Amino acid sequence: MGIVSGAVSLGLLWAVMTIGVFISYRILDIADLTVEGSIAMGAAIAAREIAAGGNPYMATLLALLGGMAAGLCTGLLQTRLKIPPLLSGILVMIALWSVNLRIMGKSNISLLRMKTVYTVFESMGLSGTASIIVLGLLCVFLLISVLYWFFGTEVGSAIRATGSNPHMARAQGINTDTVTCLGLLISNGLVAASGALIAQSQSYADVQMGTGAIVIGLASVIIGEVLFRGKNFYTRLISLALGAITYRLIIALVLKLGMPANDLKLFTAVTVAVALSLPTFLQRYHQSQKSHGGVE
Amino acid sequence: MLSVDGIYKTFNPGTINEKVALRNICAELPEGDFVTLIGGNGAGKSTFLNAVAGVYGVDHGSIRIDGMDVTRLPEYKRAAVLGRVFQDPMMGTAANMEIGENLALASRRGEHRGLKWGITRRERETYRQLLRELELGLEDRMTVKVGLLSGGQRQALALLMATLKKPKVLLLDEHTAALDPRTAEKVLEISEQLISANHLTTLMVTHNMRDAIRHGNRLIMMHEGQIILDIKGAEKKNLTVEDLLERFGKVSGEEFANDRALLS
Ligand SMILES: Nc1ncnc2c1ncn2[C@@H]1O[C@H](COP(=O)(O)OP(=O)(O)OP(=O)(O)O)[C@@H](O)[C@H]1O
Ligand SMILES: [Mg+2]
């Protein structure tokens, strides 16, 4: 039971990140590697603020803003300097490594016995894990509601149109450059906020934290889409959160079954590769079925 | 309404792939003119339309729409006064979005997009009416993703989107070329309807000589980046395909080379 609630609590915090990845990967149709840097950046900013005695909510908000700035940088590299999206993300990700070290002043910061965003709930008598679940649920619910509203507005529609078909978007008078920057800004802001929440839940921030984050995000998006298949935008967002939780449950399970922790990234990468190639395989399978059936 | 003055466009200048696509194009389209644009493969028709739309800048010359110089304006800003439909049915609509949402995007062309709803209930009712007039049964499928529509349905929708907010100039680039003959006919009919109902200044590229003659009040022919024929009025009305081929031969000293035009 402890393992399950631990996985659920962690999954809820990663759900915020997963939704951020969904915005770049699915809505804007960009595989944005910036997230590897911005999740660690969020953790770094929050940890530094909190370790210096700052307000944890303020610290988390600052993390969000830091991530937004990182996303904007990637957006500007792509749109103003015409650097390909993948490379833009890599550049900012690498740059953030140094930035994050500067923010923290060292490679990790401990937050043990510091006041975090979860402290209020703990003082109300909840356990550590329960506090994380309560705050995580609150954040995810709030986030899904706000995004559901936002992507239904004129600006939100413009972002969706740009991701779906930039030619059409420009022909309809949408400034696709601005809108792409805005989408990346929102996406990385969420990822950084998630990083801040995760760092506070585990009581430390580490500059390494982002390594492989994009793959975890993608795995969660895909698991969510495949297993829960949201019909409209609202249920799609919910399925992302469920995907992030399911991913954590799967990881907890394979660890329990004896997989060495060092193999986790390999496991995740293979899972994502299989999931991404599934449509291609299915198509080939159907085609071969058809061509066999067509002889009759 | 549209005034193009001496535009030049060279692709890949200074490389071995250098290609002069437009040389000294001058054209004056008064309000309400419906021009069909025809020419061989690679004559520069699409380049001409793209230059007007601002997909890329021109090397020389100026483009004015309704008196406003748009030569240096980016594509998304020119969109405020232009309606466009492309050859590829995939290009003109957002496949992942609903029919209604696509129309709503088009109805905000050239307007500030803020935090108001992307589509309102009242708009939906208006769009339902407009879609009903297309007679394609789309009015009952407003919440269907456009990606599920056929090419012809998509082009009809794209036409509606291009004219929803009355454009100063409508640019149609072989918008029926990817469709089967019957669907193409239907889409052309819809185009004709929308153009005459809204009295739109139109530039329509077609590869079909008969269509070029049958539609519009003026015909422009391009060859190797230049305008070589500009036929209006009564002369245009009485034009035949044979006339056109002969006049093309005389002016260019070549046979008309557009595989698709001769086949159809
Ligand atoms: N983006 C581009 N880069 C390089 N060359 C181009 C580009 N667009 C067009 N061209 C070249 O410019 C010339 C004119 O092309 P354009 O597409 O305008 O012809 P078109 O009249 O529309 O022909 P078609 O009937 O085949 O559509 C062609 O030789 C083409 O290869
Ligand atoms: Mg063309």
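Nothing here was measured: the structure is a model prediction, and the numbers come from that model.

**Structural notes on the overall build of chain A**
Next, step 1: Counting secondary structure elements, chain A contains twelve helices and two strands.
Next, step 2: Listed by position from the N terminus, the elements making up chain A come as α-α-α-α-β-α-α-α-α-α-β-α-α-α.
Next, step 3: With the principal axes as the frame, chain A shows a C-alpha extent of 70 × 50 × 35 Å.
Next, step 4: By sequence separation, contacts in chain A at least 24 residues apart represent 77% of the contacts at least 6 residues apart.
Next, step 5: Accessible surface computed for chain A: about 13,600 Å², of which carbon and sulfur atoms make up 67%.
Next, step 6: In chain A, which carries 18 positive and 11 negative side-chain charges, the distance between the mean positions of the two groups comes to 2 Å.

**A closer look at the overall build of chain B**
Next, step 1: The number of helices and strands found in chain B is ten helices and ten strands.
Next, step 2: In terms of overall dimensions, chain B is globule-like: its C-alpha atoms have a radius of gyration of 19 Å, near the 18 Å expected for 264 residues.
Next, step 3: Dimensions of chain B, computed from C-alpha atoms along their principal axes, come out at roughly 60 × 40 × 35 Å.
Next, step 4: Per-residue burial over chain B gives 52% buried out of 264 residues.
Next, step 5: Within chain B, residue pairs in contact and separated by at least 24 positions form 67% of the contacts whose partners lie at least 6 positions apart.
Next, step 6: Of the accessible surface of chain B, which amounts to about 12,200 Å², a share of 49% is contributed by carbon and sulfur atoms.

**Focus on the domain arrangement of chain A**
Residues and elements named next belong to chain A.
Next, step 1: As assigned here, chain A comprises domain 1 (2-258) and domain 2 (264-296).
Next, step 2: Computed from C-alpha coordinates alone, the two centres of domain 1 and domain 2 are separated by 30 Å.
Next, step 3: Taken together, the contact pairs 13 residues of domain 1 with eight residues of domain 2.
Next, step 4: Of all residues in domain 1, Val215, Ile222 and Ile251 bury the most surface against domain 2, accounting for 40% of the area lost on that side.

**Notes on the site of ligand 1**
All names here are of chain B.
Next, step 1: Around ligand 1, a shell composed of 14 residues is seen, among which Gly42, Gly44, Lys45, Ser46 and Thr47 lie nearest.
Next, step 2: The contact in question runs from an oxygen atom of ligand 1 to an N or O atom on the backbone of glycine 42, over 2.9 Å.
Next, step 3: A distance of 3.1 Å separates an oxygen atom of ligand 1 from a polar backbone atom of alanine 43.
Next, step 4: Out of a free accessible area of 640 Å², ligand 1 has 65% covered by protein chains.

**Considering the packing of helix α3 (residues 99-107) of chain B against helix α5 (residues 151-164) of chain B**
Residues and elements named next belong to chain B.
Next, step 1: The N-to-C vectors of α3 and α5 enclose an angle of 30 degrees; their axes lie 8 Å apart at closest approach. What the angle tells us is that α3 and α5 run roughly parallel. Helix-helix and strand crossings are classified by hand; for α3 and α5 the assignment is right-handed. Note on element contacts: α5 touches α3 through Leu157, Leu160, Met161 and Leu164, opposite Ile99, Asn102, Leu103, Ala106 and Ser107.
Next, step 2: Looking at side-chain class alone, the contact of α3 with α5 contains seven nonpolar, two polar and no charged residues.

**Remarks on the packing of aromatic side chains**
By convention here, two paired aromatic rings are described through the distance between centres and the angle between planes.
Residues and elements named next belong to chain A.
Next, step 1: This model, assessed by the stated rule, comprises six aromatic pairs over all chains.
Next, step 2: With 6.3 Å between their ring centres and 45 degrees between their planes, phenylalanine 22 and phenylalanine 233 make a pair best called tilted. On the criterion of sequence distance, the pair formed by phenylalanine 22 in helix α1 (residues 2-27) and phenylalanine 233 in helix α11 (residues 233-256) is long-range, its members being 211 residues apart.
Next, step 3: You can call phenylalanine 233 buried: its relative accessible area is 18%.
Next, step 4: Centroid distance phenylalanine 150 to phenylalanine 151: 5.2 Å. Interplanar angle 80 degrees. Geometry classified as edge-to-face. Accessibility assignment for this pair places phenylalanine 150 and phenylalanine 151 in one class, buried.
Next, step 5: Taking NZ or CZ as reference, arginine 284 lies 5.9 Å from the ring centre of phenylalanine 281, over its face.

**Digging into the side chain of glutamine 155 of chain B**
Residues and elements named next belong to chain B.
Next, step 1: Within the element layout of this structure, glutamine 155 appears in helix α5.
Next, step 2: Its relative accessible area of 1% is what places glutamine 155 among the buried residues.
Next, step 3: Residue contacts for glutamine 155: discarding those within four places in its chain leaves Val85, Phe86, Gln87, Asp88, Pro89, His175, Leu179 and Val187.

**Brief notes about the side chain of threonine 36 of chain B**
All names here are of chain B.
Next, step 1: Looking at the element boundaries, threonine 36 is found in strand β3 (residues 34-39).
Next, step 2: Classification of threonine 36 by relative accessible area gives buried; the value is 0%.
Next, step 3: When residues no more than four places from it in sequence are discounted, the contact partners of threonine 36 are Met204, Asp211, Ala212, His215, Arg218, Leu219, Ile220 and Lys236.

**A word on the interface of chain A and chain B**
Next, step 1: Listed as interface residues are 20 residues of chain A and, on the opposing side, 29 residues of chain B.
Next, step 2: Around 2,200 Å² of area is buried between chain A and chain B when both sides are counted, 59% of it from carbon and sulfur atoms.
Next, step 3: In terms of surface lost to chain B, no three residues of chain A exceed Glu154, Met168 and Gln172 of chain A, which account for 32% of the buried area on that side.
Next, step 4: Applying the counting rule to chain A against chain B returns three salt bridges.
Next, step 5: Glutamate 75 of chain B is the salt-bridge partner of arginine 170 of chain A, the closest N and O atoms lying 3.1 Å from each other.
Next, step 6: Taken together, chain A and chain B are joined by 14 residue pairs in polar contact (both at pLDDT 80 or more).
Next, step 7: Of all elements in the fold, only α6 (128-150), α7 (154-164) and α8 (166-171) of chain A reach the threshold of two or more residues within the side of chain A that touches chain B.
Next, step 8: The element contributing the most residues to the side of chain A that touches chain B is α7 of chain A, with seven residues.
Next, step 9: Grouping the constituent residues of the side of chain A that touches chain B by class yields eight nonpolar, nine polar and three charged.

**Some words on unusual backbone geometry**
All names here are of chain B.
Next, step 1: In this model, asparagine 12 sits at a positive phi of 45 degrees, which is unusual for a non-glycine residue.
Next, step 2: Relative to the assigned elements, asparagine 12 resides in the loop between β1 (2-11) and β2 (19-29).
Next, step 3: Taking relative accessible area as the criterion, asparagine 12 reaches 44% and is therefore assigned partly exposed.
Next, step 4: A positive phi angle, near 45 degrees, is found at glutamate 174, a position not held by glycine.
Next, step 5: Here glutamate 174 falls in the buried class, since its relative accessible area comes to 5%.

**A word on the sheet that holds strand β5 (residues 68-69) of chain B**
All names here are of chain B.
Next, step 1: With respect to topology, four strands assemble into an open sheet ordered β2-β1-β4-β5, the strand pairing being antiparallel. Looking at strand neighbours, the two that pair on one side only are β2 and β5, the edges of this open sheet.
Next, step 2: With five bridges joining them, β1 and strand β4 (residues 60-65) adopt antiparallel strand pairing. For tyrosine 8, the partnering residue across the bridge sits in β4 and is histidine 60.
Next, step 3: Contacts from helix α1 (residues 45-53) reach β1, β2 and β4 within the one sheet, and its direction differs from that of β1 by about 115 degrees.

Rules and cut-offs
Residues numbered from 1 in each chain as written. Chains lettered and ligands numbered in written order. Predicted model: local features only at pLDDT ≥ 70, side-chain atom pairs only at ≥ 80, totals over all residues. Heavy atoms only, no water. Helix = DSSP H or I, 4+ residues; strand = E, 2+ residues; numbered from the N terminus. Contact = heavy atoms within 4.5 Å. Areas by Shrake-Rupley, 256 points an atom, 1.4 Å probe, with all protein chains shown as cover. Lys, Arg positive; Asp, Glu negative; His and termini not counted. Charge placed at Lys NZ, Arg CZ, Asp CG, Glu CD. Rg over C-alpha atoms; globule rule 2.2 N^0.38 Å. Buried < 20%, exposed > 50% of the residue type's maximum accessible area, 1.4 Å probe, protein only. Domains from an automatic or database assignment. Buried area = accessible area lost by both parts, 1.4 Å probe. Near = heavy atom within 4 Å. Polar contact = N/O pair within 3.5 Å; in protein donor to acceptor, adjacent residues only side chain to side chain. Axes fitted to C-alpha atoms, helices over the stretch in contact; angles between N-to-C directions. Parallel < 35°, antiparallel > 145°, perpendicular 65-115°, else oblique. Left-handed = near helix turned anticlockwise from the far one by under 90°. Nonpolar A, V, L, I, M, F, W, Y, C, P; charged D, E, K, R; others polar. Phe/Tyr/Trp six-rings, centres within 6.5 Å; stacked < 30°, edge-to-face > 60°. Lys NZ or Arg CZ within 6 Å of the ring centre and 35° of its normal. Salt bridge = Lys/Arg side-chain N within 4 Å of Asp/Glu carboxyl O. Pairing = 2+ DSSP bridges.

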